[in-house]
Amino acid sequence: MTSSAATYERDGHVATITYNRPEALNAINGAMRRALDEAWVTFREDTEAQVAIVTGAGRAFCAGADLKDPDGSTGDWPGSFWEWPTITTFESGMEIWKPTIAAVNGPCIGYGLTAVLACDFVLASDRAAFAYPEVRIGVPTIVGALRLPDRVAWPDALELLLTGETIDAERAKEMGLAWKVIPHEDLMAEARTLADRLCAGAPLAVRATNEMARRGRTLPWTEAVRMGETMRRVASNTADAAEGIAAWQEGRPPNWQAR
């Protein structure tokens, strides 16, 4: 899937989703929102895609909502008011358990930062910067305020959310927002190396483990273990589970089929 506002490209089992409005620092307007949603649905449903890397074209990752062209930046639902749907985007919680990597190549603001927080791994270029500036224009941050305290210490989360100030890549790593800081020219190669490492595992087992790791943080212990053991039984009866055992016994690399 290719769009003027966002692109979806797959190389082997690794998909790359790119914010693609470099002339607007990849700020999200209605066209980009529709393209991004389409890209994430494509990734979720692409049976050959096992890992996604998300990045930005040009010198920014994403400058947040496009304040010059805001219509549709959160989505379009004609006729809705209180019924406005919420879990419709990757940022807001679209359920995708395939591993995701944010390759943050520059400024990462608002919606962009919330998408990064939805990713499993965050690799930051040494040119990256992060901010939630909404409070400085009189708008509260909502989904970001829900996600950020799960990733960093409470005071660090509130520092970003309530001051609207920008932090650099090293400060983001220090507080645990970024996993690694990478020289800018090496960012995408590092992201691809990580993606290839993640593809070594059986796709269904990886997805089940990732889902359990995330859901288990909010489930009571007994319910979490119960759910996890049920998922283990299901996954252990797949063709990939049989292939994994056969490959180990035969001393060869497994040929995963995601089934």
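Remember, predicted model here, so these are calculated numbers, not experimental data. (Residues numbered from 1 in each chain as written. Predicted model: local features only at pLDDT ≥ 70, side-chain atom pairs only at ≥ 80, totals over all residues. Heavy atoms only, no water.)

Draft legend 1. Structural view of a nonpolar patch on the surface. Judged by side-chain polarity, L67, I137 and V139 come together as a nonpolar surface patch covering roughly 300 Å² of accessible area. Turning to its location among the elements, L67 is positioned in the loop between β3 (51-56) and β4 (100-104). With relative accessibility at 62%, the residue L67 sits in the exposed group. (Patch = residues over 30% accessible without salt bridge, like charges linked within 9 Å, V, L, I, M, F, W, Y side chains within 5 Å. Areas by Shrake-Rupley, 256 points an atom, 1.4 Å probe, with all protein chains shown as cover. Salt bridge = Lys/Arg side-chain N within 4 Å of Asp/Glu carboxyl O. Helix = DSSP H or I, 4+ residues; strand = E, 2+ residues; numbered from the N terminus. Buried < 20%, exposed > 50% of the residue type's maximum accessible area, 1.4 Å probe, protein only.)

Draft legend 2. Layout of the pairing of strand β6 (residues 121-125). Here β6 lies mainly inside the structure; four of its five residues are buried. Where β6 meets strand β9 (residues 180-182), three bridges bridge the pair, whose relative direction is parallel. Across the sheet, the residue bridging to A124 is V181, located in β9. (Pairing = 2+ DSSP bridges.)

Draft legend 3. The arrangement of the side chain of D66 in detail. Within the secondary structure layout, D66 lies in the loop between β3 and β4. Given a relative accessible area of 9%, D66 falls into the buried group. At 2.9 Å, the side chain of D66 forms a polar contact with the backbone nitrogen of K68. Among all residues touching D66, those that are not within four sequence positions of it are R21, A27, I28 and N29. (Polar contact = N/O pair within 3.5 Å; in protein donor to acceptor, adjacent residues only side chain to side chain. Contact = heavy atoms within 4.5 Å.)

Draft legend 4. How the structure looks around the environment of A172. Inspection of the secondary structure assignment puts A172 in helix α5 (residues 169-175). Linking A172 and T222, residues 50 residues apart in sequence, is a C-alpha distance of 34 Å. With residues up to four places along the chain from it excluded, the contact list for A172 reads F130, I167, L177 and A178.

Draft legend 5. Expanded view of the environment of L113. Within the secondary structure layout, L113 lies in helix α2 (residues 111-118). Since its relative accessible area comes to 0%, L113 is described here as buried. Separated by 49 residues in the primary sequence, L113 and G64 place their C-alpha atoms 7.8 Å from one another.

Draft legend 6. The nonpolar core, seen in detail. The biggest cluster of nonpolar side chains holds 47 residues, and the ones touching the most others in it are Y19, W40, F43, V104, F130, L148 and L177. A per-element tally of this core places helix α1 (residues 30-45) first, with six residues. Counting residues in hydrophobic clusters, the runner-up holds 12 residues, among them I53, I101, L194 and A195. (Core = buried A, V, L, I, M, F, W, Y, C linked by side-chain atoms within 4.5 Å.)

Draft legend 7. Examining the sheet that holds β6 more closely. Spatial ordering of the open sheet is given by β1-β2-β3-β4-β6-β9, a layout of six strands whose pairing is mixed. Two strands in the sheet have a free side with no partner beyond their single neighbour: β1 (6-11) and β9. Direction aside, the axes of adjacent strands within the sheet are offset by 20 degrees on average. Its contacts with the sheet put α1 on β1, β2 (14-19), β3 and β4, and the angle it makes with β2 is roughly 175 degrees. (Axes fitted to C-alpha atoms, helices over the stretch in contact; angles between N-to-C directions.)

Draft legend 8. Representation of unusual backbone geometry. We note that L25 has phi near 55 degrees; this positive angle belongs to a residue other than glycine. Mapped onto the elements of the fold, L25 is located in the loop between β2 and α1. Its identity is not glycine, yet N26 carries a phi of approximately 60 degrees, on the positive side. Among the structural elements, N26 can be located in the loop between β2 and α1. Exposure remark for N26: the relative accessible area of 0% places this residue in the buried category.

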